[in-house]
Structure formats: C-alpha cells, structure tokens
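# Overview (structure and organization)
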Amino acid sequence: MIGFNGVKTLFLIVLLSGLLLIVGQMVGGVVGLAIAGVLVFAMNIGSYWYSDKLILKTMNAHEVTPQQAPGLHRIVERAAREAGLPKPKVYVVDTPMPNAFATGRNPQNAAVAATTGIMGLLTEREISGVFAHELAHVKNRDTLINTVVAMLASTVMIIAMFAKWSLFFGLMFGGGQRGGGSDQLANVAGTLVLAIFAPIVASMIQMAVSRAREYSADETGARNCRDPEALASALQKLALGSQSPRVQAAAKAMVGAEAANHLFIVNPLAGGPGRWFASHPPVEERVARLRTIGRDIGQIF
C-alpha cells in the first residue's frame, strides 16, 4: 500500500510533468519539447548508471572490508537483514563532518558510506538507526525516483533557458518590431514570465520530492529496526554537531558536498536555503514524526 509520502511524491511528479508540458508547448511546441526531453533523458540515464561511482570518488570515499571496520560492517549487515536487502558495499569518508549516505541504482548495486565524524559522534545504537534510514532509501528506490524528478526538472530548466535566449535574440534583431501589437507584447511578456518562474517552481517541486523521500526513509527505517528513538537521537546530535565551525569548514572544503547534499542524512551545510528550497525537512519535524512512530509500535520514551 502506498503511504502518504508515496502519494505526495506521485502527485509532485505529475505536477512537475504537467509544468514540463506547459513550458514545452508554449516555448518550443511539440518538436522543441521532444528534443529537450531526449537530451535530458540521455543525461539522466547516464547519471543513474554512473552517479554512484562519481559520488564516491568525489567524496574520496574508500571501501572498507569487515576486517578493517568490523563494527560498521556488523551494523550495516544487520540493517540490510532487517530491510530484507542484500548487504551493500561499505565505504568510509575521512572527514570530521558527521554524516552518512547511500547510493547505487538498485539494491543489488548499492553502497553506503559513513564519515569518520559520524562514527566519532554517535553511539552504535544511533549509527544503527542512521543505516536503517539509509537502507530504507535503497529499499524505496529513491535513486530511481530522484533521477526521474531530476530529468523532468532539468528539461523544464533547459527549455526555459532556450526561451530566454530566443526572446533576447528576437528583440535584439528586430523580431519584436513586426506586427502584432498588444497581442504580441502579451505573448512576449507571458513567455518571459514563464521562462523566469518555471525553473523556480521546478526546483521547488524537486526539493519537495526530496523532503518527502526523507520522511519516507525515516519511517521505513524506523519500522524496520523497530527503534525510532535511535534515529531521532542521531538526527538531533547530527544537527547540532554539523553547526560547529570546524565541521562547517570541512563541509565547505569538500568538493561536491553542496551538489550532493540531498544524499546525506542531514544537510551538511548549516544555514542553507529556505524551507521551500531545502532538500531535507526540519530535524525537529523528523524527530516528532519518529517519536509518533515509536509510540505506535510501543516504544516508550
């Protein structure tokens, strides 16, 4: 059965698809929409197949064996078993930034990574809650969902960019001086407004999908490990630990941290964009939801 966040995600994808059709039809017609769609589809399929390798390399993550990190492997193996998934590859990122992420196009090709910062900050129980969340992302196929959403949003942005340049060259070379009067002026104004605001709306929808998937991973992971308080406690520590000047300096110095912030369990960059453009829900709301789940399953705080 699809839960609330699944329905919300589906609705947002349909909404984003509708925005794409409207922008494409107004700006480039069917042909323009098809060309942009094919280009972005190819780009995102390539991203879907190879983004895990690129992300791990960008983050300077190195794979660790059970002999090198027995405790971490034990936690990941237990989380995979609780989620009913094959055990993913395990990586470590040497940074004081306390965080973790999962990547990979499907459960058979998944990888999870923990930073040295998170392993020094959280207890084993809290780290178990974190990896229950990350394996939930794998189980929920969030990589596929994010790829589809990114493809749609990117297509909207590319078409809007074409619209702005076509208006610019049209006005520069006298295209706007031919007949049409007020109707032509209204058409130009409408296209300009669409070209400016459509990418903003597309970005807002994309981030809303990301937040919905975080809520879903919280719930799935908490129910799989039957310890919502472990994840709730971990999120509170991570939110506080991420704000220290030393950690923020490390996060800003890490190449790719900003572009990949939606992958992390918490946003590594404090003081990020406003709520509507945030890739993660507020930690306070996530903790409150987890504690509601805890009461539902009989966990007493």
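### Overview of the overall build of the protein chain
A count of helical and extended segments in the protein chain gives 10 helices and 4 strands. Classification of the 301 residues of the protein chain by burial places 49% in the buried group. Contacts in the protein chain between residues at least 24 apart in sequence constitute 72% of all its contacts with a sequence separation of at least 6. Summed over its atoms, the accessible surface of the protein chain is roughly 15000 Å², and 65% of this surface lies on carbon and sulfur atoms.

### A look at the nonpolar core
Grouped together as the largest cluster of nonpolar side chains are 35 residues, with contacts concentrated most on L72, V130, F131 and L235. In this structure, F131 is in contact with L72, I75, V76, A79, A100, V112, A113 and A114, ignoring residues within four places of it in sequence. One finds L16, V23, V149 and L152 within the second-largest nonpolar core, a separate group that totals 19 residues.

### Side note on the environment of V209
Tracing the backbone through its elements, the reader meets V209 in helix α7 (residues 181-225). Owing to a relative accessible area of 1%, V209 belongs among the buried residues under this scheme. Placed 196 residues apart in sequence, V209 and I13 show a C-alpha to C-alpha distance of 7.9 Å. For V209, the residues in contact, after removing those within four places along its chain, are T9, L12, I145, N146 and V149.

### Topic: helix α10 (residues 283-296)
With 14 residues, α10 extends 20 Å from end C-alpha to end C-alpha; this agrees with the ideal 20 Å at 1.5 Å per step. G298 lies just past α10 and shows a positive phi near 90 degrees.

### Things to note about the environment of A230
Within the fold, A230 resides in helix α8 (residues 228-241). For the pair A230 and R125, spaced 105 residues apart in sequence, the C-alpha separation works out to 6.0 Å.

### Quick look at unusual backbone geometry
One non-glycine residue, N60, adopts positive backbone phi at about 55 degrees. Within the element layout of this structure, N60 appears in the loop between α2 (29-58) and β1 (62-63). The exposure class assigned to N60 is exposed, which follows from its relative accessible area of 63%. The residue R141 is not glycine, and still its phi comes out positive at about 55 degrees. A relative accessible area of 40% places R141 in the partly exposed class.

### Regarding the packing of aromatic side chains
To describe a pair of aromatic rings, you give the distance between the ring centres and the angle between the ring planes. Going through the model one piece at a time under the given rule, you end up with 1 aromatic pair. Ring plane angle 80 degrees and centroid distance 5.5 Å describe the contact between F101 and F264, whose orientation is recorded as edge-to-face. One end of the pair, F101, is in strand β3 (residues 100-103); the other, F264, is in the loop between α9 (245-253) and α10, and 163 residues separate them in sequence. Residue F101 is classed as buried on the basis of its relative accessible area of 3%. Positioned over the ring face of Y215 is R289, at 3.6 Å from the centre of the ring.

### A short note on the packing of helix α5 (residues 124-139) against α8
With their axes 7 Å apart at the nearest point, α5 and α8 run at an angle of 100 degrees to one another. Classified by the angle between their axes, α5 and α8 sit roughly perpendicular to one another. Facing α5, whose interface residues are R125, E126, G129, V130 and H133, α8 presents E229, A230, L231, S233, A234, K237 and L238. Taken together, the residues of the contact of α5 with α8 break down into 5 nonpolar, 3 polar and 4 charged.

### Examining the side chain of D52
Position of D52 relative to the elements: it lies in helix α2. Excluding residues within four positions of it along the chain, D52 makes contact with T103, G104 and N109.

### Some remarks on the pattern of salt bridges
Considering all chains together, one arrives at 9 salt bridges under this definition. The closest approach of N and O atoms between R213 and D142, which form a salt bridge, is 2.6 Å. With R213 in helix α7 and D142 in helix α6 (residues 142-172), this residue pair connects regions lying 71 residues apart in the sequence. The burial state of R213 is the same as that of D142; both residues are buried. Residue R291 is joined to E229 by a salt bridge in which the shortest nitrogen-to-oxygen separation is 3.0 Å. Note that R291 is positioned in helix α10 and E229 in helix α8, a separation of 62 residues in sequence. Each of E214, D218 and R286 takes part in salt bridges that share partners, so that together they form one network.

### Points about the packing of α8 against α10
Put simply, α8 and α10 touch, their axes get as near as 8 Å, and they point 165 degrees apart. When the axis of α8 is compared with that of α10, the two are roughly antiparallel. Note that α8 runs across α10; the crossing there is left-handed. Across the interface between the two elements, P228, E229, L231, A232, L235, Q236 and A239 from α8 touch V283, R286, V287, L290, R291, I293 and G294 from α10.

Criteria and cut-off values
Residues numbered from 1 in each chain as written. Predicted model: local features only at pLDDT ≥ 70, side-chain atom pairs only at ≥ 80, totals over all residues. Heavy atoms only, no water. Helix = DSSP H or I, 4+ residues; strand = E, 2+ residues; numbered from the N terminus. Buried < 20%, exposed > 50% of the residue type's maximum accessible area, 1.4 Å probe, protein only. Contact = heavy atoms within 4.5 Å. Areas by Shrake-Rupley, 256 points an atom, 1.4 Å probe, with all protein chains shown as cover. Core = buried A, V, L, I, M, F, W, Y, C linked by side-chain atoms within 4.5 Å. Expected span 1.5 Å × (residues − 1). Phe/Tyr/Trp six-rings, centres within 6.5 Å; stacked < 30°, edge-to-face > 60°. Lys NZ or Arg CZ within 6 Å of the ring centre and 35° of its normal. Axes fitted to C-alpha atoms, helices over the stretch in contact; angles between N-to-C directions. Parallel < 35°, antiparallel > 145°, perpendicular 65-115°, else oblique. Nonpolar A, V, L, I, M, F, W, Y, C, P; charged D, E, K, R; others polar. Salt bridge = Lys/Arg side-chain N within 4 Å of Asp/Glu carboxyl O. Left-handed = near helix turned anticlockwise from the far one by under 90°.

So yeah, pure geometry; function would need other evidence.
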